[in-house]
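Chain by chain, the residues:
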Amino acid sequence: QVQLVESGGGLVQAGGSLRLSCAASGQSFSNYFMGWSRQAPGKEREFVASINWAGDWTYYSDSVEGRFTVSRDNAKRTLYLEMSSLEPEDTAVYYCGISPHATITLTGFTHWGQGTQVTVSS
């Protein structure tokens, strides 16, 4: 059983930065591909970013490319999402997930955490 717990969310002004973390437990972490999704009020959940087990391959949605950076520390069993140049449109609940293979879509993930709220004020 894999448990994922997101943290680091909060309120930030537009143009600011924030780092989200996702702690994994209960199962081997290093063998999983991982990623982030988000869901804004009134919108469907969307893919944000993904990363392979070694951390040397990443993929981003067009909406966050160049502003967000996904990384992982397998020794700490933690996934990160560094967010910069935040916009009000980035306001959403952010979820971390795991996948048995590389994926750039929501359907590729097999498990998600409970999410952490990110609110960007204008």
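For the structure, check the block above.
A brief structural summary. All values derive from a computational prediction rather than experimental measurement.

### Re the overall build of the chain
Across its full length, the chain holds zero helices and eleven strands. Reading the secondary structure of the chain in the N-to-C direction produces β-β-β-β-β-β-β-β-β-β-β. Relative to the globule expectation of 14 Å for 122 residues, the C-alpha radius of gyration of the chain, 13 Å, shows essentially globular dimensions. Oriented by its inertia axes, the alpha-carbon framework of the chain measures out at about 40 × 25 × 25 Å. Expressed as a percentage of its 122 residues, the buried residues of the chain come to 44%. Contacts in the chain between residues far apart in sequence, at least 24 positions, make up 58% of those at least 6 positions apart. By element, 48% of the accessible surface of the chain is carried by carbon and sulfur atoms, the whole surface being about 6,100 Å². When the 8 positive and 11 negative side-chain charges of the chain are each reduced to one mean point, those points stand 7 Å apart.

### Details of the state of the cysteines
The final tally for this structure, using the stated rule, is one disulfide. The disulfide that involves Cys22 links it to Cys96, with 1.9 Å between the sulfurs. Judged by the sign of its S-S torsion, about 45°, the bond between Cys22 and Cys96 is right-handed. Separated by 74 residues along the polypeptide, Cys22 in strand β3 (residues 18-25) and Cys96 in strand β9 (residues 92-99) bring together distant segments of the chain. Cys96 matches Cys22 in its accessibility class, with the two residues each being buried.

### What to know about the sheet that holds strand β1 (residues 3-7)
In spatial order, the strands read β1-β3-β8-β7; together these four strands make up an open sheet with antiparallel pairing. Looking at strand neighbours, the two that pair on one side only are β1 and β7 (68-73), the edges of this open sheet. In this sheet, neighbouring strand axes are inclined to one another by 15° on average, regardless of whether the strands run parallel or antiparallel. Pairing of β1 with β3 involves five bridges; the strand directions are antiparallel. Pairing of Gln3 across the sheet is with Ser25, part of β3.

### Some thoughts on the side chain of Glu6
By the element assignment, Glu6 lies in strand β1. We note that Glu6 is buried and unpaired, the nearest opposite charge coming from Arg45 at a distance of 7.3 Å. Polar side-chain contacts of Glu6 include one of 2.8 Å to the backbone nitrogen of Cys96. At 2.8 Å, the side chain of Glu6 forms a polar contact with the backbone nitrogen of Gly115. Leave out the neighbours within four places in its chain, and Glu6 touches Ser21, Cys22, Trp36, Tyr94, Tyr95, Cys96, Gly113, Gln114, Gly115 and Thr116.

Procedures and definitions
Residues numbered from 1 in each chain as written. Predicted model: local features only at pLDDT ≥ 70, side-chain atom pairs only at ≥ 80, totals over all residues. Heavy atoms only, no water. Helix = DSSP H or I, 4+ residues; strand = E, 2+ residues; numbered from the N terminus. Rg over C-alpha atoms; globule rule 2.2 N^0.38 Å. Buried < 20%, exposed > 50% of the residue type's maximum accessible area, 1.4 Å probe, protein only. Contact = heavy atoms within 4.5 Å. Areas by Shrake-Rupley, 256 points an atom, 1.4 Å probe, with all protein chains shown as cover. Lys, Arg positive; Asp, Glu negative; His and termini not counted. Charge placed at Lys NZ, Arg CZ, Asp CG, Glu CD. Disulfide = S-S within 2.5 Å. Pairing = 2+ DSSP bridges. Axes fitted to C-alpha atoms, helices over the stretch in contact; angles between N-to-C directions. Salt bridge = Lys/Arg side-chain N within 4 Å of Asp/Glu carboxyl O. Polar contact = N/O pair within 3.5 Å; in protein donor to acceptor, adjacent residues only side chain to side chain.

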